[in-house]
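# Examining the three-dimensional arrangement
One-letter residues, chain by chain:
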2 protein chains.
Amino acid sequence: MSESFPNGNSARSTRQKRALAGALARSSSFRSAQDLHAELRLRGERVGLTTVYNQLRALADTGELDVLRTDEGESLYRRCSSGQHHHHLVCRSCGMAVEVEADAVEAWAEAVARRNGFTAITHTVELTGVCPNCQ
Amino acid sequence: MSESFPNGNSARSTRQKRALAGALARSSSFRSAQDLHAELRLRGERVGLTTVYNQLRALADTGELDVLRTDEGESLYRRCSSGQHHHHLVCRSCGMAVEVEADAVEAWAEAVARRNGFTAITHTVELTGVCPNCQ
DNA sequence: GATCTTATTTGCAATGATTACCACTATTGA
DNA sequence: TCAATAGTGGTAATCATTGCAAATAAGATC
């Protein structure tokens, strides 16, 4: 029992992980798993769809990726700039996104929750529109 | 060609519609299609699952129902109190919901969008917590 | 009431994203 | 080099939801 990583943080560096990380790094848009997988394929990278799903979920779990669900129920991912809590202003045409902070909204949410006797509050705030480039 | 309803608003009153309306009326919680269908079955009502889906979608389209998507991608429905634009404070345990208005948030959303050059803005704001009864 | 038009209903197949399985592969510490 | 096991990925399964086409039944008209 050679506990190298007491906290279970043992990650191996694989070709697939690097490829996915690269794809995510060079895009500032929210992308779907299928979309990312297709791009990797086009680039000649040999990566399984299942692997893409696995990795995206893992990265999202550790907070390295932001996740978003479309109205059609598809999950979109994007690399997370800050570790801070934040929201997004997303372009519904190209997926490009801007991270926005919203202290005012946070405060409002807290107040509304308290006023109604709710506890353990979490909130979802997403703004969708058309970015300057897509207009 | 007896145009009784020039605007295509021809709705027939059926046993199934009434049953579903009843189920929705006696609940103040967000319910899933499957959930509502199960309740109708338990009550002895003979209604097809497809019909429940059809009706829920139709009602949601006309704004008579509020729709909400869970993290798992399931759609939840609830009768809509007001025709006004509003948001929800939903109990993650029982689905009970309170409609809340958020002028402050609306204004904030508009400001953020304009500042970033985005147009055709829509926003999603949902608060989730545990209601007083479920604590 | 009888009849007709067509809105509704509904079982079943199909869809589409995502996950479960699990045998196989490859990274990394020793 | 080698063993332990994290990671991979093809395939089958899941699950909410929708498409379809035939059967049913409101509501208007006769």
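Just so we're clear, the structure is a prediction, and the values are computed from it rather than from any experiment. (Residues numbered from 1 in each chain as written. Chains lettered and ligands numbered in written order. Predicted model: local features only at pLDDT ≥ 70, side-chain atom pairs only at ≥ 80, totals over all residues. Heavy atoms only, no water.)

The environment of DNA strand D is formed by 21 residues, the closest being Thr14(A), Lys17(A), Thr51(A), Gln55(A) and Ser75(B). At the protein interface, 68% of the atoms of DNA strand D within 4 Å belong to sugar or phosphate. The separation between a phosphate oxygen of DNA strand D and a polar main-chain atom of Arg46(A) is 3.3 Å. The contact in question runs from a base nitrogen of DNA strand D to an N or O atom on the side chain of Arg12(B), over 3.2 Å. Only α1 (15-25) and α3 (49-61) of chain A together with α3 (49-61) of chain B provide two or more residues apiece to the surface near DNA strand D. Of the residues contributing to the surface near DNA strand D, the split by class is three nonpolar, 12 polar and six charged. (Near = heavy atom within 4 Å. Polar contact = N/O pair within 3.5 Å; in protein donor to acceptor, adjacent residues only side chain to side chain. Helix = DSSP H or I, 4+ residues; strand = E, 2+ residues; numbered from the N terminus. Nonpolar A, V, L, I, M, F, W, Y, C, P; charged D, E, K, R; others polar.)

All names here are of chain B. Following both chains from N to C, one finds helix α1 (residues 15-25) and α3 inclined at 65°, their axes separated by 11 Å at the closest point. Relative to α3, α1 is oriented roughly perpendicular. When the axes of α1 and α3 are compared, the crossing they make is right-handed. Contacts between α1 and α3 involve Gln16, Lys17, Leu20 and Leu24 from the first element and Thr51, Val52, Gln55, Leu56 and Leu59 from the second. Looking at the contact of α1 with α3 residue by residue, the classes come out as five nonpolar, three polar and one charged. (Axes fitted to C-alpha atoms, helices over the stretch in contact; angles between N-to-C directions. Parallel < 35°, antiparallel > 145°, perpendicular 65-115°, else oblique. Left-handed = near helix turned anticlockwise from the far one by under 90°. Contact = heavy atoms within 4.5 Å.)

By convention, interface size is frequently given as the accessible area that disappears when the constituent parts associate. Residues and elements named next belong to chain A. The domains assigned to chain A are domain 1 (7-81) and domain 2 (84-135). Between the C-alpha centres of domain 1 and domain 2 the distance comes to 23 Å. In this assembly, nine residues from domain 1 lie in contact with 10 residues from domain 2. Carbon and sulfur atoms supply 54% of the area that domain 1 and domain 2 bury against each other, a total of about 630 Å² over both sides. Between Glu99 and Arg78 there is a salt bridge; the shortest N-O distance is 3.3 Å. Summed over the shared surface of domain 1 and domain 2, the result is six residue pairs in polar contact (both at pLDDT 80 or more). Listed by contribution, the elements that provide at least two residues to the side of domain 1 that touches domain 2 are β2 (65-69) and β3 (75-79). Taken together, the residues of the side of domain 1 that touches domain 2 break down into three nonpolar, three polar and three charged. (Domains from an automatic or database assignment. Buried area = accessible area lost by both parts, 1.4 Å probe. Salt bridge = Lys/Arg side-chain N within 4 Å of Asp/Glu carboxyl O.)

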